[in-house]
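For reference, the chains in residue letters:
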Amino acid sequence: MAGITFKNVVKTYDNGVTVVPDLNLEIKDKEFVVLVGPSGCGKSTTLRMIAGLESITSGELYIGDKLMNAVAPKNRNIAMVFQNYALYPHLTVYKNMTFALELAKVPKDEMNRRVQWAAEILGLEPYLDRKPKALSGGQRQRVALGRAMVREPEVFLLDEPLSNLDAKLRTEMRSQITKLHKKLGTTFVYVTHDQTEAMTMGDRICVMKDGVIQQFDTPQNLYDHPCNLFVAGFIGSPQMNFIDAQVKKADGGYALCFGDVEIVVNKPELAAYEGKTVVCGIRPEDFHAEQQFFGSGNVMNAYIDLDEMMGSESYLYLEYAGQKLIARVPARYAKKAEENIELAADVEKIHLFDKETELAI
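What counts, and at which threshold
- Residues numbered from 1 in each chain as written.
- Predicted model: local features only at pLDDT ≥ 70, side-chain atom pairs only at ≥ 80, totals over all residues.
- Heavy atoms only, no water.
- Axes fitted to C-alpha atoms, helices over the stretch in contact; angles between N-to-C directions.
- Helix = DSSP H or I, 4+ residues; strand = E, 2+ residues; numbered from the N terminus.
- Parallel < 35°, antiparallel > 145°, perpendicular 65-115°, else oblique.
- Left-handed = near helix turned anticlockwise from the far one by under 90°.
- Contact = heavy atoms within 4.5 Å.
- Nonpolar A, V, L, I, M, F, W, Y, C, P; charged D, E, K, R; others polar.
- Domains from an automatic or database assignment.
- Buried area = accessible area lost by both parts, 1.4 Å probe.
- Salt bridge = Lys/Arg side-chain N within 4 Å of Asp/Glu carboxyl O.
- Polar contact = N/O pair within 3.5 Å; in protein donor to acceptor, adjacent residues only side chain to side chain.

Moving on to the packing of helix H2 (residues 93-103) against helix H3 (residues 108-122). Between H2 and H3, the shortest axis-to-axis distance is 10 Å and the interhelical angle comes to 135°. With respect to each other, H2 and H3 are oriented oblique. With respect to the hand of their crossing, H2 and H3 are arranged in right-handed fashion. Each of Tyr94, Met97, Thr98, Leu101 and Glu102 in H2 lies in contact with H3, whose residues at this interface are Lys108, Met111, Asn112, Arg114, Val115, Ala118 and Ala119. Broken down by class, the residue content of the contact of H2 with H3 amounts to 7 nonpolar, 2 polar and 3 charged.

Rendered as structure tokens:
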């Protein structure tokens, strides 16, 4: 069993800066968990604490049932894949992959078996005699993965491994790493600041801010039910629109009022907010130009600042009632910049947040 458990873990550096104030996290055996958040949120520090590359100031870290606080990195049975690949330039692909095995005095036959197994899975068989400089970025990243695989670790730690690749290669490597996880059946912990990577790869995603877990959930639940403004704004691309709306009583529920729009929602929780301002969250893809979404009072006539044509759809950068908004609409509904467009929000998909606490209502 190679689950990972953090119990009240604190990380404070020598200069007195605390980057992880109180971390409680449980990663299940064989799970693919993604740590995601903006730069400086503590995700890489968390990963490095699992690896033993960062000491823990207080609290307990377990891999399986074993307390790891004082265990040296080489004795943790983990393998780490870095952003910059960290390959030895003077060694062949084969030698890069066997380097740690040779240090561990693994028999030569067993080394060959493991390298051939990893090379076959990763498509590296033709490159075993080449040196890293003769490989593309994607091939080097696969060598780094292969070097981790041959150690047969209980836990794979991946620290932004795709950030140095171009967009096409990133997409390709995302699917390769996801397939690799399924094939190996081991625990993967993956750090990224890219929410698209997080959404497409993780069984569960841990969204972090200032060293604190904001929400730890499945990709779909994070998207459908963000617990606060930060998670709502971080998950989804383009990011969610946030609109200050006045709440007033209306037939059929409560009306969210901004500009000339009054969106009526059946949400009893809004009783406590009558006469107050709440934050109304609407994802760009939940604005619609189709007539079936138009109801009484919910149509806004917005000015288009910029139209970004994306092929089958357009991103419209809008201005309405003094607020900047983004709508993601099918290309056939798009209009040019400096024109107006009528749009309506999908009432069933509106998110509401308390303006003071920023928590979901």
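Read on for the rest.
Domain assignment breaks the protein chain into domain 1 (4-234) and domain 2 (241-289 + 300-354). Taken over C-alpha atoms, the centre of domain 1 sits 39 Å from the centre of domain 2. At the junction of the two partners, domain 1 supplies 8 residues and domain 2 supplies 6 residues. Both sides together, the interface formed by domain 1 and domain 2 hides about 620 Å², and carbon and sulfur atoms give 62% of it. Three residues, Tyr223, Leu229 and Ala232, lead the burial of domain 1 against domain 2; their summed loss comes to 74% of the area buried on that side. Seen at the junction of domain 1 and domain 2, the total is 0 salt bridges. The tally of links from domain 1 across to domain 2 stands at 2 residue pairs in polar contact (both at pLDDT 80 or more). When contributions to the side of domain 1 that touches domain 2 are tallied by element, the ones reaching two or more residues are helix H7 (219-224) and helix H8 (229-234). Taken together, the residues that form the side of domain 1 that touches domain 2 break down as 5 nonpolar, 2 polar and 1 charged.

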